[in-house]
Amino acid sequence: MKWFPPGDVARVAVFAALIAVLGLAPGLYVFGGAVPITLQTFGVMLAGLLLGSRRAALAVAVLIALVAVGLPLLAGGRGGLAVLASPTAGYLLGWLPGAFVTGWIAERGGPGGRAPSLIRLLVACLVGGMGVVYLCGIPVYAIAGGLSLGEAALFTLAFVPGDLAKAVLAAVVARGVQRAYPGAIPAVHAERPRSGEED
């Protein structure tokens, strides 16, 4: 496995810091739930879109490691191993595969190796930044709260409007960066062309 070049290490560090900074805004708890609505999921989506799968996952992994050792980097100043045993743990850990899948979809771009469209960027956020995170978070929340999966999923509906808005915003921001700095969004689509066909 190749080591990340220094520039990529810097980008990973910047996005880990960005996600942490977005945690300075207090989380919003709705309907008395234990899982807050935060801006940090926007940072996770944006990391996936602008860093690509592996680097985005690494940025989230760095953040989670720092949280685990006690740094209060989550919304509301939360941190420490207790967070990983809380009802929010599934959503937090879901950021890692969520960032990876978001990046995986985005970095494949459009036909002929073109940069990803706004629609693809939005789909990447919806599938990775929302779908994957929910799939990881709902079962843990159900177990921790003594709820059925259906009840936990119903509670999660409260997050959908805000997460949809964050997905749209992340896609628009990434598209703007893409236009200003062509090639800013990592692409693997053109690196491995299939013989005799265009994807």
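Residues numbered from 1 in each chain as written. Predicted model: local features only at pLDDT ≥ 70, side-chain atom pairs only at ≥ 80, totals over all residues. Heavy atoms only, no water.

A. View of the overall build of the protein. In terms of regular secondary structure, the protein is built from seven helices and zero strands. Secondary structure elements of the protein, listed N to C terminal, follow the sequence α-α-α-α-α-α-α. Buried positions account for 44% of the 199 residues belonging to the protein. For the protein, the exposed area adds up to about 9800 Å²; of that, 72% sits on carbon and sulfur atoms. (Helix = DSSP H or I, 4+ residues; strand = E, 2+ residues; numbered from the N terminus. Buried < 20%, exposed > 50% of the residue type's maximum accessible area, 1.4 Å probe, protein only. Areas by Shrake-Rupley, 256 points an atom, 1.4 Å probe, with all protein chains shown as cover.)

B. Examining helix H2 (residues 40-51) more closely. For H2, with twelve residues, the first-to-last C-alpha span of 16 Å sits near the 16 Å given by 1.5 Å per residue. For H2, the tally of buried residues reaches twelve of twelve residues, placing the bulk of the element in the interior. Within H2, burial applies to Gln40, Thr41, Phe42, Gly43, Val44, Met45, Leu46, Ala47, Gly48, Leu49, Leu50 and Leu51. Two residues or fewer past H2, Gly52 is found with a positive phi of approximately 90°. (Expected span 1.5 Å × (residues − 1).)

C. Main features of the side chain of Thr38. Position of Thr38 relative to the elements: it lies in the loop between helix H1 (6-22) and H2. You can call Thr38 buried: its relative accessible area is 11%. One polar contact links the side chain of Thr38 to the main-chain amide nitrogen of Gln40, over a distance of 3.1 Å. (Polar contact = N/O pair within 3.5 Å; in protein donor to acceptor, adjacent residues only side chain to side chain.)

D. Representation of the nonpolar core within the structure. Core analysis: the largest hydrophobic core is formed by 45 residues, its most contacted members being Leu49 and Trp95. Listed by contribution, the elements that provide at least two residues to this core are H1, H2, helix H3 (53-68), helix H4 (89-106), helix H5 (118-145), helix H6 (149-156) and helix H7 (160-180). With nine residues, the single largest contributor to this core is H5. Those residues in contact with Leu49, other than ones at most four positions away along the chain, are Thr102, Ala106, Leu121, Ala124, Cys125, Ala170, Ala171, Ala174, Ile185 and Pro186. (Core = buried A, V, L, I, M, F, W, Y, C linked by side-chain atoms within 4.5 Å. Contact = heavy atoms within 4.5 Å.)

E. Here's a closer look at the packing of H1 against H2. Viewed as axis vectors pointing N to C, H1 and H2 meet at an angle of 160°, and their least axial separation amounts to 8 Å. When the axis of H1 is compared with that of H2, the two are roughly antiparallel. Where H1 crosses over H2, the handedness of that crossing is right-handed. Residues Arg11, Val12, Phe15, Leu18, Ile19, Ala20 and Leu22 of H1 form the contact with H2, whose participating residues are Gln40, Phe42, Gly43, Val44, Leu46, Ala47, Leu50 and Leu51. (Axes fitted to C-alpha atoms, helices over the stretch in contact; angles between N-to-C directions. Parallel < 35°, antiparallel > 145°, perpendicular 65-115°, else oblique. Left-handed = near helix turned anticlockwise from the far one by under 90°.)

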